[in-house]
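The residues making up each chain are set out below.
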Amino acid sequence: MAAALTLNQSTIGKKAIMAVTGIVLYGFVIVHMIGNLKIFEGPEGFNAYSHFLRVVGEPALPAGTILWVIRIVLLLSVILHVTAAIQLTRIDNAGRPIAYKKVKRKQASFASLTLRWGGVTIFFFVIYHLLHFTVGTALPGFIEGDPYHNVITGFSSQVWAAPVYIVAVAALGTHLYHGVWSAMQTLGINTRRTEKLFRGIAVLSGVGLFAGFATVPIVVLLGILK
Amino acid sequence: MKITINVWRQKGAQASGRLVKYQVDHVSPDMSFLEMLDILNQQLISKNEEPVAFDHDCREGICGSCGVMINGLAHGGQLATTTCQLHMRSFKDGDEITVEPWRAKAFPVIKDLVVDRGAFDKIIQSGGYISAGTGSAPDANSTPIAKENADLSFDAAQCIGCGACVAACPNASAMLFTSAKIAHLGLLPQGQPERKSRVLNMVATMDAAGFGGCTNIGECSAACPKEIGLHFIGRLNRDLLSATIAGGSSVD
């Protein structure tokens, strides 16, 4: 198994690192989306879920253990995913130093051609999102421990916030539309027999997560949730 | 038919090149694309100009020499067609056609439309072989091979090494080519002894040659005149990752 540490030496190995860390982050966004939809349970339900995430594992484990383990795993995944992406992009760009004067694509999807830009968009959005709803520095009137209030204030008092979130989750959906299938292909899990299954899961993930994430800013903007 | 053609002209490997516009009259729709280039060259020769250099050999779609970018698509973009099998009937009278050489760091231009595809030979040399006892031929059917594997191996073996996959890939990746070579031998019992070292060596050679990585976009397979499937790349990934994680050696 120690040989797995040599994965970083080949382009395929770097991609495998991207695939595995991508799947970790994919799992996280699914749980995150389900959590977001708990806002429809009202202030008590939503805030109780948020509180649960901070104290889960207590008192069996010291305060914040599970929260921090998850945060560290996510942070490591992001670091590895982004590092491999930067290294691979440089290799890929170096592969064709002289561009074609005229170039067309036969079948490439928009999602596959814009994967990197989607990744960059998500990266910067996550920084903003953490300052907005976790740390609170980007949200005037932020109240620690009252996420229901923060979400409603965030989307109703800052008119540009909801469009920013919707664009960002559209980038996420597009990223996963190609990325989920691509990860299976890179890990060699995809075969001719599973092709349609994984393509289907990827499309469903992209569309489903976009819809799930975009729902909250939209309903707040429409004044359905107050 | 009258055709206007913009061809990449470059005197040598170190020279800088540019697109040059030529007019070709009297083009028959029954001509192949290469025959149209022959007419152009005849015109240039009679005017005492240097003819356009382009690679070609069999002109029947099986040697893999004749790949060029035609209007931004490898081999002109027709399904399962090499440049030599592309006919002028797929163009209209008065069309303007842009012809460029394959573009990749690993495929340097030698002259005009001719590129050096030697990097593919290096990949094959690093693992495209099997070890078999010499001497009298073994009895027929002494090594059973499942029909499905034989068919799949043959699908991969159809690769003619033309380089269209690299040319069409936005990353100039050689993954489809390498995957076809890996699968061609790896699907057969005779290819098993070197299976791990083959994939490790061929991928290392591929990476070192300066090809880009694969982002699973699929343009390679769509451009492939032999319709090599994207699933072979999945198989290559599977072989490479299992050989790496199992601690495979590059020497068997």
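Residues numbered from 1 in each chain as written. Chains lettered and ligands numbered in written order. Predicted model: local features only at pLDDT ≥ 70, side-chain atom pairs only at ≥ 80, totals over all residues.

A. The arrangement of the overall build of chain B in detail. Within chain B, the regular secondary structure consists of eight helices and seven strands. Considering only C-alpha atoms, chain B reaches an extent of 60 × 40 × 35 Å along its principal axes. Taken over 252 residues, chain B has a buried fraction of 48%. A sequence separation of at least 24 residues applies to 72% of the contacts in chain B between residues at least 6 apart. (Helix = DSSP H or I, 4+ residues; strand = E, 2+ residues; numbered from the N terminus. Buried ≥ 20, exposed ≤ 12 C-beta atoms within 10 Å, placed from the backbone. Contact = placed C-beta atoms within 7 Å.)

B. Structural detail: the overall build of chain A. Each helix and strand counted, chain A has eight helices and zero strands in total. Element order for chain A, N to C, with α for helix and β for strand: α-α-α-α-α-α-α-α. Projected onto the principal axes, the alpha-carbon positions of chain A cover approximately 55 × 45 × 35 Å. Residue burial in chain A is summarised as follows: out of 226 residues, 31% are buried. A sequence separation of at least 24 residues applies to 70% of the contacts in chain A between residues at least 6 apart.

C. Representation of the confidence of the model for chain B within the structure. Looking at chain B as a whole, its pLDDT mean stands at 96, while 98% of the residues score no less than 70. As a predicted assembly, this complex carries a pTM of 0.96 together with an ipTM value of 0.94. (pLDDT = per-residue confidence, 0-100.)

D. Structural detail: the environment of His184 of chain B. All names here are of chain B. Mapped onto the elements, His184 comes out in helix H5 (residues 175–186). Residue classification places His184 among the buried residues on the basis of 21 C-beta atoms within 10 Å. Those residues in contact with His184 that sit more than four places away from it in its chain are Ser153, Ala156 and Ala157.

E. How the structure looks around unusual backbone geometry. Glu58 of chain A connects to Pro59 of chain A through a cis peptide bond whose omega is 0°. In this fold, Pro59 of chain A is placed in the loop between helix H2 (42–55) and helix H3 (65–94). Not every positive phi belongs to a glycine, and His26 of chain B is a case in point at roughly 55°. One non-glycine residue, Glu227 of chain B, lies in positive phi territory at about 55°. Within the secondary structure, Glu227 of chain B is located in the loop between helix H7 (219–223) and helix H8 (231–245). Glu227 of chain B gets classed as exposed once you count the C-beta atoms within 10 Å, which come to 12.

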